[in-house]
Amino acid sequence: MSGALISSQGLSRWYGPVVGVNDLTLEVEGGIVGLLGPNGAGKSTFLKLVAGEIRPSRGTLAVLGFEPFANREYFRVLGFCPQQDALYEDLDAREFVSFLLRLSGFNAKEARARAERALERTGLKDAMLRRTAGFSKGMRQRTKLAAAIAHDPRFLIVDEPLSGLDPLVRSEMIALFQELGREGVHVLISSHVLHEIESVTENILLLHRGRLLAQGPVPEIRKLLSRYPNKVDIRARDARRLARALLELEGTSSVHLAPEGGRLSLETFDLARFHAELPAIAARERAGIQTLESTDAGLDAVFDYLVG
Amino acid sequence: MKASTHTEIYRPFVGELARGGMRWRPLAQSTLRSALRKKLPLLLFAPPAIATVIFSFIVYAKFAVESGSNPMPGAQDAGPSPIGAIGGMAGNLIQVREMIVGFHMAMDFFALLIVAWYGSGLIAEDVRRKAYLLYFARPLTRIDYLLGKWLPLVLLGAGATLLPGVVICTVAAFASPHWSFITEEGDTIWKMLLYSLVSVCVQTSLILAVSSLTKRKTHALAVALGFFALTAGLGAMLAGMNREPGWNMLSVFGCLKRIAAGLFDLKRLGHFRSFEWSLSWTWIVLGAWVVLAWVVLFWRTRRLELNG
Amino acid sequence: MTSASAAPVIEIHELSKSYGSVRALDKLSLTLEGGAVGLLGPNGAGKTTLIKLLLGLLVPDSGTASIAGSNPATAAGRLALRRSVGYMPESDCLIPGMSAIELVATLGELSGLSREDAMTRAHEVLDYVGLDESRYRDCEQYSTGMKQRLKLAQALVHDPPLLLLDEPTNGLDPKGRKHMLELVADLGTAQGKSLLVCSHLLPDVERTCERVVVLKAGHAALEGSIADLTQRRGRRLRANFGGALEPLDALLAQAGIAVESTSGNSRVLVLNEAEADADSLFALCGRAGVRIESLSELRSSLEQVFLEGLSREEPA
């Protein structure tokens, strides 16, 4: 319990008859965590609860040891970058971020310095003196992000942070999150774009229908899904011969040969054994293996298996 | 029997796409359909409808009573009317004419309500919901778009003035002995049609222009009704203060009443005791409003087309 | 679907368009035949202007263009080309006060279909995108996923040969994204449409397109098939190993297999020209008791291609 980033017990929140989150009991250690789930899974409700915007209907929630709702102490160490656009159009980016910092209690000089640093970090060094009214979607995103990190929070919550960003800026922001993680800042990223979460972190929180469906590093979660055999794709010159040999391997549940030849897909319940025995089989059969890949170990596949 | 399956979901379209022709027609039809879908606003047509029925009855009764015969529909007296009754008949016709004109003045108000209600959202809601992105990706010019919005509105507005007018005139024509309504007061009929058209065109153009300048139906409605009320009030006030009746030309309804008075040769109409300002100038002012409205409409539509 | 001698769907040559002092398109040349092409580029590189041009909403300043056989320089041409183009906008857009079926049918009529044809087609395309019972409901209440599918349906109703899809997976959850990408991929392959897919999500582009065009400052900085651009560089393999790794490096050195880079238990290996496959590597690992957990050809990612395209020097 102590030292955990987020800790909840029986956390529930409903809106009239509609359930946002339903009896969530979880403990998140910290670091960079991805929050995922299909639409209506309760992600936004959970984010709002953790960001202290709404109060739980039932149950307990502690973030960094604080009770989040309307907690000024907590807000000082929290940085929140919401999905919605809420910029003051008339201000330029630097003014906007400074303004928010001053609301948090910084004096004018420090607010400006921090604002400039934060805007530089999000790549708006050249644009920070322009009015936000003329900003593209990507620049608005980055302004919001700068506002969220300007006061050096301990915990950063970002909701769909990369939407509207072109690939160049995307990779810069991903690098920024990784950097923040290395600096010891906890980051909770909510996103629908699985491959981006994958590129930032292995740890995920998967919600579905208001409940916690899975939590932890993706490879570990995959191992827990033992009822789904592991799928492996192999390209080999003589796929058929290799297939015959692999069928005899303990744990193999199916081998599928591609009609065009040269490729096979294998399913096995014992991946460890497969990896251990494959070199010997390859050496023996001399089937000309060219590539070898696990196709359902990633976040995409895990999400599919769990959510359906 | 030969077996076949037809599992392809997407079938190419083998027909022809029409070229040219009235491109605005589908838009006009769908606008009308959407407008009439909601049943509640149709209540706006109730007062004109009820008034039409009542007036028709009064008109019919008037003629029927005067001719001294049983008020049976379609019954016509054969033979020459008594000389004494001719004078009475002529007076009757004039009275009916005045009744018809008075009826139209009253219906103008309801026509405004109807046009404002149905028309204020026509372009404003398209802007708010960004429907123009979908429209202008079609082979649709600006004129097509505007016609597709304006013509249905004219139809709806005509339902409050032109149609009732036609109904009453028809009743009058049938009820008057020897079709005297047509022979003696035939002018009234086309003057009534002309007036209705002018009134509807002016109102629809202005309302549509307001709709194109705002982003919500409620705003457009408020601005439109406010515009009419403001100009009327201002006109009356300035005319009273400066004892210069020409100021009444500020008010759209004032202008319309002046035109009605001019057309039908009336000295008094509504709350106007006299019409001492120039008829030609009134036409010019109204014309200017209409031209301004259409300039605005073309300008706004061009912006929608290009900024989509 | 398309005959071998069919003209390219888009043929643009040295096209320029300026707004005041801003050159939105700068002597852009582009050719698009069948299949799907990804349109990439940083914001402000001219994508929006190019889309407006392809929709016949702009008159080019100079240069020539032929879009689905029509010339956008003339007013008639601009109208005509909209019959052959289907547009799926990025923004949230719909026609207020209508159900999905009416929306699609009305837009179909506006494209030139007769009322009956439009109704039939509307039902067909709504079947295709997967909007079933909900098509009779007011579309203001639709979820994001449904709205995206509706946008695709209205772009397809008049069966245009060219489709412009702007951020087709915008706002979709993972399941919705997967479904949409399947539809887009199907349209480009099985249905034989020519697609121009604008997206910032490179994996989406890789999933659906065979070619890409990278726009930069109004012209095409890079163009080509994804397979060619992300070509294997030599016989390089990325291998992820498992188990005890200490003997591995020594063994690799002994066997003469060059190691280009190392990262944790991952190695980039360069095989000899003579080696057609990795069997010997497997044999080596087998003897050392080292597992090979994955082995893949080293290709540059589309992201690298994109970055390279942007930083390229302009030819004089």
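These numbers come from a predicted model, not from an experiment.

Rules of the game
Residues numbered from 1 in each chain as written. Chains lettered and ligands numbered in written order. Predicted model: local features only at pLDDT ≥ 70, side-chain atom pairs only at ≥ 80, totals over all residues. Contact = placed C-beta atoms within 7 Å. Core = buried A, V, L, I, M, F, W, Y, C linked by C-beta atoms within 7 Å. Buried ≥ 20, exposed ≤ 12 C-beta atoms within 10 Å, placed from the backbone. Helix = DSSP H or I, 4+ residues; strand = E, 2+ residues; numbered from the N terminus. Domains from an automatic or database assignment. Nonpolar A, V, L, I, M, F, W, Y, C, P; charged D, E, K, R; others polar.

Before going further, it helps to spend a moment on the arrangement of the chains. Pairwise contact counts over the 2 pairs of chains in contact peak for chains A and C. With no contact between them, chain A and chain B keep their nearest C-alpha atoms 15 Å apart.

Our next topic: the nonpolar core. In terms of nonpolar packing, the biggest core is built from 224 residues, with Val-97 and Ile-157 of chain A together with Val-104, Ala-153 and Val-197 of chain C touching the most fellow members. Considering every element that reaches this core, the biggest residue donor is helix H3 (residues 83-128) of chain B, with 16 residues. Composition of this core by domain shows at least three residues from each of domain 1 (6-218) and domain 2 (225-307) of chain A. Apart from the residues within four sequence positions on either side, Val-197 of chain C is in contact with Ala-36, Gly-38, Leu-39, Leu-165, Pro-168, Val-184, Val-205, Thr-208 and Cys-209 of chain C. Ranked by size, the runner-up nonpolar core spans 30 residues in total, among them Ile-234, Ala-239 and Leu-246 of chain A together with Ile-257 of chain C.

Right, let's get into the interface of chain C and chain B. On the chain B side, the residues contacting the 31 residues of chain C number 28 residues. Residue assignment for the side of chain C that touches chain B shows that the elements contributing at least two residues are helix H2 (75-83), helix H3 (100-110) and helix H4 (115-129) of chain C. In terms of residue count, H4 of chain C provides more of the side of chain C that touches chain B than any other element does, 5 residues in total. Taken together, the residues of the side of chain C that touches chain B sort by class into 14 nonpolar, 8 polar and 9 charged.

Attention shifts here to the domain arrangement of chain A. Residue and element names in this part refer to chain A. Each assigned domain of chain A is listed with its residue range as follows: domain 1 (6-218) and domain 2 (225-307). Taking only C-alpha atoms into account, the centre of domain 1 sits 40 Å from that of domain 2. Facing 11 residues of domain 1, the contacting portion of domain 2 comprises 7 residues. For the side of domain 1 that touches domain 2, the secondary structure elements donating two or more residues are helix H7 (194-200), strand S8 (203-208) and strand S9 (211-217). Residue composition of the side of domain 1 that touches domain 2, by class: 9 nonpolar, 1 polar and 1 charged.

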